[in-house]
Amino acid sequence: MRIKEILTGKKEQIRQFIRFCIVGTVAAGIHYGIYYVLLKIGAGHNLSYAAGYILAFICNFIATSYFTFLSSPSWGRFIGFAGSHAVNFVLHIVLLNVFLWMGMHELIAPIAVMLVAMLVQYTILNFVFRKK
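Scoring rules and cut-offs
Residues numbered from 1 in each chain as written. Predicted model: local features only at pLDDT ≥ 70, side-chain atom pairs only at ≥ 80, totals over all residues. Heavy atoms only, no water. Helix = DSSP H or I, 4+ residues; strand = E, 2+ residues; numbered from the N terminus. Buried < 20%, exposed > 50% of the residue type's maximum accessible area, 1.4 Å probe, protein only. Contact = heavy atoms within 4.5 Å. Salt bridge = Lys/Arg side-chain N within 4 Å of Asp/Glu carboxyl O.

Among the structural elements, Thr-68 can be located in helix α2 (residues 45–68). Look at Thr-68 and you get buried, because its relative accessible area is 0%. When near neighbours in sequence (up to four residues on either side) are disregarded, Thr-68 contacts Gln-16, Arg-19, Phe-20, Val-23 and Ala-63.

Below is the structure:
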């Protein structure tokens, strides 16, 4: 009986991670789209990246609550989500500037940043949204 419970739990973790990837892909698309448009109209890298991040953050919180972790949004979860994203945002900006400094193209660097930061964010959010 215990083995069946463990296997069922593992399957749900896999489904949860897949949902996380779907939500993250949509949020990354929003983020990158805003970054691209603002960059093309002359905003700097950091401003364009930050604006995209903030707008994607709003969509991401709602989708992460309802779809990824199958829970209702709450102020406590919002604070935890915002805290995890504050850490994540710093990681994003640092990585973006490091990748640009290393000579990575300005349209490729954000994609590399998002890939690197994804696993860190999932780990933090799994803790924030874990059902008690």
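There's plenty left to go through after this.
This model, assessed by the stated rule, comprises two salt bridges. Between Arg-15 and Glu-12 there is a salt bridge, with its nearest N and O atoms 3.3 Å apart. Of the two residues, Arg-15 and Glu-12 are both situated in helix α1 (residues 2–40); the distance of three residues between them amounts to about one turn of the helix. For Glu-12, the salt bridge identified is with Arg-19, shortest N-O distance 2.8 Å. Overall, the relative accessible area of 27% leaves Glu-12 in the partly exposed class. Among the charged side chains, a salt-bridge network with shared partners connects Glu-12, Arg-15 and Arg-19.

Turning our attention to the environment of Pro-73. Mapped onto the elements of the fold, Pro-73 is located in the loop between α2 and α3 (75–101). We classify Pro-73 as partly exposed; its relative accessible area is 32%. Sequence-wise, Pro-73 and Ala-50 are 23 residues apart; in three dimensions their C-alpha atoms are separated by 23 Å. Apart from the residues lying within four places of it in its own chain, the contact partners of Pro-73 are Phe-61, Ser-65 and Tyr-66.

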